[in-house]
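Working through the structure, step by step
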Amino acid sequence: MLQLNGTVFMPSVLTLIGIPGLESVQFWIGIPFCAMYITALFGNFLILVIIKSERGLHEPMYLFLAMLGVTDIALSTCILPKLLGIFWFHSAEIYFDACLFQMWLIHTFQCTESGVLLAMALDRYVAICDPLRHAAIFTHKLLTQIGVGVTLRAGVLIALCLILIKCRLKHYRTTVVSHSFCEHMAIVKLAAEDTRINKIYGLFVAFIILGFDIIFITLSYIRIFITVFKLPQKEARLKAFNTCIAHICVFLVFYLLGFFSSFTHRFGFHIPSYIHILLSNLYLLVPPFLNPIVYGVKTKQIRDRVSKIFHLKDAS
């Protein structure tokens, strides 16, 4: 590691300090984080097994839910093992390239999840607003194309963030990252060079992916609500609302946490740094933890299948 004029040239190792200001209680913070991670893994794996084993659930809504479960497992696994290593075993060092790879994985799965939520909203829109054409539009071929498309969209755009860091930023003020995982802005802020292009491109990606998805998800649900309110029977309206309520809960949790995390990180200069980091951690951990719970409670087919599984265990 070569030092020039008080800066570090192309560091090989970075140090993640966890949650600045809360180092003394990080061990205890790790306990609920670990519990959330285990719950997320168990819940999402259970939903995947149920969807795979039940042929009646091989429909677009449940297949999108399976995509969401895979994404949630991958997203939480990208952050939790290293996070707990910092909190419990003081394993703070990480190779620079490994840090960039973790950054790419985290942001890729974040953006993939956003794309899956958009696909789920469009699926509900067609199912409620144009039900006769739903089966013809949402074929298994289209579902595969959507899954590949949202993953490639995220992977390619986030890869350019990584390339800009590697190619443009050579000198760093410090190798200490004031964060608990490798996040784009946390790494860019270490640089001793002009980072405007990196910051502008980061905001561009956030708008192109998250902004685009939020706009179309919102428009889809506005159209859904207009259609539902026009239904003549009260029972039909309640049934339509019930199929959407789980999606809306997941949508609000994901985007509200993401909104507060992103804007406090970029513009909340007077907010303590530990608030930034806790919000960032919750943004990555709460959706994978809550999604299987929300869908397990609100989706009758999954709820009935889970009850059947546990009743069989009790009977044996």
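Just so you know, these numbers come straight off a predicted model, no measurement behind them.

**Remarks on the packing of aromatic side chains**
Aromatic ring pairs are described here by two measures, namely the spacing of the ring centres and the angle between the planes. All chains considered together, the criterion is met by 13 aromatic pairs. Taking 5.9 Å as the distance between ring centres and 35° as the angle between the ring planes, the aromatic pair formed by Tyr-201 and Phe-204 counts as tilted. Here the residue Tyr-201 and the residue Phe-204 both occupy positions in helix H7 (residues 196-229), the gap between them amounting to three residues, near one helical turn. What makes Phe-204 partly exposed here is its relative accessible area of 42%.

**Quick word on the sheet that holds strand S6 (residues 176-177)**
The three strands are arranged S4-S3-S6 in an open sheet whose pairing can be described as mixed. Only two strands of the sheet have a single partner each, and these edge strands are strand S4 (93-95) and S6. Here strand S3 (residues 13-16) pairs with S6 via two bridges, running parallel. Considered in S6, the bridge of Thr-15 is made with Val-176. Its contacts with the sheet place helix H3 (residues 96-129) against S3 and S4, and it is angled at close to 85° to S4.

**Some remarks on the side chain of Gln-110**
With respect to the helices and strands, Gln-110 occurs in helix H3. Owing to a relative accessible area of 9%, Gln-110 belongs among the buried residues under this scheme. If we ignore the near neighbours within four places in the chain, the residues touching Gln-110 are Leu-75, Phe-254, Tyr-283 and Leu-284.

**So, helix H5 (residues 140-168)**
Over its 29 residues, H5 extends 42 Å from the first C-alpha to the last, a length consistent with the 42 Å expected when each residue adds 1.5 Å. Within the span of H5, buried status applies to Leu-143, Ile-146, Gly-147, Val-150, Ala-154, Gly-155, Leu-157, Ile-158, Cys-161 and Ile-165. Tucked inside the fold, the buried residues of H5 contact helix H2 (60-89), H3, strand S5 (171-172), helix H6 (184-188) and H7.

**A word on H2**
Over its 30 residues, H2 extends 43 Å from the first C-alpha to the last, a length consistent with the 44 Å expected when each residue adds 1.5 Å. Most of H2 sits inside the fold, with 23 of its 30 residues counted as buried.

**Considering the pairing of S3**
Inspection of the sheet shows S3 paired to S4 by three bridges, in the antiparallel sense. Counterpart to Val-13 in the pairing with S4 is Tyr-95.

**Digging into the side chain of Ser-114**
Checked against the element boundaries, Ser-114 lands in helix H3. Judged by relative accessible area, Ser-114 falls into the buried class, the value being 0%. If we ignore the near neighbours within four places in the chain, the residues touching Ser-114 are Ile-209, Leu-210, Asp-213, Phe-254 and Tyr-255.

**Brief notes about the pattern of salt bridges**
One side chain can pair with another of opposite charge once the charged atoms of both are near each other. Counted according to the given criterion, the structure contains six salt bridges. Two residues, Glu-54 and Arg-305, come together in a salt bridge whose shortest N-O distance is 3.3 Å. Of this pair, Glu-54 sits in the loop between helix H1 (26-53) and H2 while Arg-305 is found in helix H10 (residues 300-315), placing the two residues 251 residues apart along the sequence. Notably, a salt bridge pairs Arg-133 with Asp-130, separated by 3.5 Å at the nearest N-O pair. When its relative accessible area of 27% is taken as the criterion, Asp-130 is described as partly exposed.

**Some details on a nonpolar patch on the surface**
A contiguous nonpolar patch, built from Phe-212, Ile-215, Phe-216, Leu-219, Ile-222 and Ile-226 and spanning about 510 Å² of accessible area, is present on the exposed surface. The residue Phe-216 is located in helix H7 in this model. On the basis of relative accessible area, Phe-216 is assigned to the partly exposed category, the value being 37%.

**What about the UniProt feature "transmembrane region" (unreviewed entry) in the protein?**
In the numbering used here, UniProt assigns the feature "transmembrane region" (unreviewed entry) to residues 27-51, 63-89, 101-122, 142-165, 200-222, 243-263 and 275-297. Annotation note: span residues 275-297, helix share 100%, strand share 0%, distance between end C-alpha atoms 31 Å.

**Looking at the environment of Arg-303**
As for its position among the elements, Arg-303 is in helix H10. Owing to a relative accessible area of 34%, Arg-303 belongs among the partly exposed residues under this scheme. In this structure, the C-alpha to C-alpha distance between Arg-303 and Ala-121, residues 182 residues apart in sequence, is 21 Å. Excluding residues that lie within four positions of it along the chain, Arg-303 makes contacts with Gly-296, Val-297 and Lys-298.

What counts, and at which threshold
Residues numbered from 1 in each chain as written. Predicted model: local features only at pLDDT ≥ 70, side-chain atom pairs only at ≥ 80, totals over all residues. Heavy atoms only, no water. Phe/Tyr/Trp six-rings, centres within 6.5 Å; stacked < 30°, edge-to-face > 60°. Helix = DSSP H or I, 4+ residues; strand = E, 2+ residues; numbered from the N terminus. Buried < 20%, exposed > 50% of the residue type's maximum accessible area, 1.4 Å probe, protein only. Pairing = 2+ DSSP bridges. Contact = heavy atoms within 4.5 Å. Axes fitted to C-alpha atoms, helices over the stretch in contact; angles between N-to-C directions. Expected span 1.5 Å × (residues − 1). Salt bridge = Lys/Arg side-chain N within 4 Å of Asp/Glu carboxyl O. Patch = residues over 30% accessible without salt bridge, like charges linked within 9 Å, V, L, I, M, F, W, Y side chains within 5 Å. Areas by Shrake-Rupley, 256 points an atom, 1.4 Å probe, with all protein chains shown as cover. UniProt positions renumbered as here; feature names shortened; annotations may be inferred.

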